[in-house]
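Structural characterization, general
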Amino acid sequence: MSSALTDLLPHPIVQAPMAGGVSVPQLAAAVSEAGALGCLAAGYKTADGMYQEIKQLRGLTGRPFGVNLFLPQPEYADPSAVEVYAHQLAGEAAWYETELGDPDSGRDDGYDAKLAVLLDNPVPVVSFHFGVPAQEVLESLHRAGTLTLVTATTAEEALAVQRAGAAAVVVQGVEAGGHQGSHRDNPETDGAGVGLLSLVAQVRETVDIPVVAAGGIMRGSQIAAVLAAGADAAQLGTAFLATPESGANAVHKEALTNPLFVRTELTRAFSGRPARGLVNRFLREHGPYAPAAYPDVHHLTSPLRKAAAKAGDAQGMALWAGQGHRMARDLPAGRLVEVLAAELAAARTALSSPGATADGGAAR
């Protein structure tokens, strides 16, 4: 691992920046204080909203932390397809007694304004999702003393990340909860994602920069596995979603281990881009018909999702979760980092000592 990452990560654990109000300052602070890397999600926030959360986080911890940005999206959605989907959702709007959102509410997520804030007030780490920033952007952040990470879902995307000059690549397997960070949204590749261990190995043979592995990781033994496969650190999202410090809705947290929700699926139902969530009524009924139109569909369904959450109706919410969701533990975030680190240490001992088990005991 590069010295820059080593200095930031006493434990090779990154808390995934989960947008939509999950990755709040309290969560990021608790994770960073425990020796991992806590992260804020700037997605769907204004530049000022992001800045205020950074200020709040700095008041809670002096440890390093990260901020995640969404790349602006190209305008290739078919307006007529979005309109057809809006008609299909009319019944949902009537049921939840709300209006559908405006699909033309913006495509850039305030990207330039957020970058300006982060260059004027540098943070230790900035990561990017949904594409590769311009080389000059990465260079500017580097000059400001910021370490840059960019998500990739294929070895080819990882190579593009390295060529652009990012300090590290976040390799996201298909197991990951929430949105797949593919650089281009191609409907023809829906469902064709690569599993994390295979992807890490492919990327490790393709690039020289540090690799952070993400996707379905819930235990320290899984962190040991991705490190053995060639990663330098592991990024966990769903594992931290269930913590008390997480800003996730209580219904969302409960659903992770509720026997009613037995599996996850990649869907465009809520946002128009592939994202993994618990299979509920909304996903089943609308997923097959949702167009490839992000963030148009995200804006369109936003009032529905908020109304469902307000009503405590898990069947109408976007219950983002990775494939390991049933392994979620209701632990304080700092304690979870400690447990993960202990599990990782035990797994590493087992790997280096053939006669030992993963829990540190003697093999029988």
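Just so we're clear, the structure is a prediction, and the values are computed from it rather than from any experiment.

**Examining the overall build of the chain**
A count of helical and extended segments in the chain gives 15 helices and eleven strands. The C-alpha radius of gyration computed for the chain amounts to 20 Å, which stays within 12% of the reference 21 Å derived for 364 residues, consistent with globular compactness. A total of 364 residues make up the chain; the buried ones form 55% of that total. Here the contacts in the chain between residues at least 6 apart in sequence split such that 68% fall between residues at least 24 apart. When the accessible surface of the chain is split by element, carbon and sulfur atoms take 52% of a total near 15000 Å². Charge centroids of the chain, computed over 26 positive and 37 negative side chains, lie 6 Å from each other.

**Overview of the pairing of strand β8 (residues 211–214)**
Residues Val211 and Ala213 of β8 are buried on one face, and the alternating residues Val212 and Ala214, pointing to the opposite face, are buried as well. The pairing of strand β6 (residues 168–172) with β8 spans four bridges and is classified as parallel. Residue pairing in the sheet places Val169 in a bridge with Val211 of β8. Here β8 pairs with strand β9 (residues 233–236) via three bridges, running parallel. Residue pairing across strands places Ala214 opposite Gln235, the latter belonging to β9. Traced from β8 through helix α10 (residues 220–228) to β9, the parallel crossover comes out right-handed.

**Description of helix α2 (residues 25–33)**
Counting buried residues along α2, seven of its nine residues qualify, which places the element largely inside the surrounding structure. Turning to α2, its buried residues number three or more, namely Pro25, Leu27, Ala28, Ala29, Ala30, Val31 and Ser32. Residues of α2 that are buried in the fold lie against β1 (13–15), β2 (38–41), α3 (47–60), β3 (65–70), α11 (238–241) and α15 (333–352). Directly beyond the C-terminal end of α2, a positive phi value near 100° is found at Gly35.

**Quick notes on the sheet that holds strand β7 (residues 178–179)**
Overall, antiparallel pairing links the three strands, which are arranged β7-β11-β10 in an open sheet. Because the sheet does not close on itself, it has two edges, and the strands there are β7 and β10 (264–267).

**Thoughts on helix α14 (residues 296–311)**
With 16 residues, α14 should reach 22 Å at 1.5 Å per residue; the first-to-last C-alpha distance of 24 Å fits that figure. Maximal helix bending in α14 amounts to about 40°, located at Ser302; proline Pro303 follows within four positions. Residues of α14 that are buried: Asp296, Val297, His298, His299, Leu300, Thr301, Ser302, Leu304, Arg305, Ala307 and Ala308. Close packing links the buried residues of α14 with α4 (79–88), α5 (90–95) and α13 (281–286). Count one or two residues on from α14 and you reach Gly312, which has phi positive near 70°.

**Re the pairing of β3**
The element β3 is largely enclosed, with a buried count of six among its six residues. Burial along β3 is two-sided: the face carrying Phe65, Val67 and Leu69 and the face carrying Gly66, Asn68 and Phe70 are both buried. Pairing of β2 with β3 involves four bridges; the strand directions are parallel. Paired with Cys39 across the two strands is Gly66, which belongs to β3. For the handedness criterion, the β-α-β arrangement of β2, α3 and β3 is classed as right-handed. Note that β3 and strand β4 (residues 125–129) share five bridges and pair parallel. Among the inter-strand pairings, Phe70 is bridged to a residue of β4, identified as His129.

**A short note on the side chain of Arg268**
Here Arg268 is to be found in the loop between β10 and β11 (275–278). Overall, the relative accessible area of 6% leaves Arg268 in the buried class. One polar contact links Arg268 to Asp185, side chain to side chain, over a distance of 2.8 Å. Other than its neighbours up to four places away in sequence, Arg268 contacts Asp185, Asn186, Pro187, Asp190, Arg273, Pro274, Ala290, Pro291, Ala292 and Val297.

**A short note on the side chain of Thr301**
On the secondary structure map, Thr301 appears in helix α14. On the accessibility criterion, Thr301 (0% relative accessible area) is buried. Once you skip the residues sitting within four places of it in the chain, Thr301 turns out to touch Leu89, Ala269, Phe270 and Phe282.

**Considering the environment of Leu115**
Inspection of the secondary structure puts Leu115 in helix α6 (residues 111–120). Residues within four places of Leu115 in sequence aside, it is in contact with Leu69, Phe128, Val137 and Leu141.

**Things to note about the packing of aromatic side chains**
Scanning the model with the defined rule gives six aromatic pairs in all. Centre to centre, the rings of Phe270 and Phe282 are 4.7 Å apart; their planes meet at 20°, and the pair counts as stacked. Remark: Phe282 occurs in helix α13 and Phe270 occurs in the loop between β10 and β11; sequence separation between them is twelve residues. By the burial criterion, Phe270 is buried, and Phe282 matches it.

Conventions adopted
- Residues numbered from 1 in each chain as written.
- Predicted model: local features only at pLDDT ≥ 70, side-chain atom pairs only at ≥ 80, totals over all residues.
- Heavy atoms only, no water.
- Helix = DSSP H or I, 4+ residues; strand = E, 2+ residues; numbered from the N terminus.
- Rg over C-alpha atoms; globule rule 2.2 N^0.38 Å.
- Buried < 20%, exposed > 50% of the residue type's maximum accessible area, 1.4 Å probe, protein only.
- Contact = heavy atoms within 4.5 Å.
- Areas by Shrake-Rupley, 256 points an atom, 1.4 Å probe, with all protein chains shown as cover.
- Lys, Arg positive; Asp, Glu negative; His and termini not counted.
- Charge placed at Lys NZ, Arg CZ, Asp CG, Glu CD.
- Pairing = 2+ DSSP bridges.
- Right-handed = clockwise from strand over helix to strand, strands pointing away.
- Expected span 1.5 Å × (residues − 1).
- Bend = angle between axes of the 7 residues up to and from the residue.
- Polar contact = N/O pair within 3.5 Å; in protein donor to acceptor, adjacent residues only side chain to side chain.
- Phe/Tyr/Trp six-rings, centres within 6.5 Å; stacked < 30°, edge-to-face > 60°.

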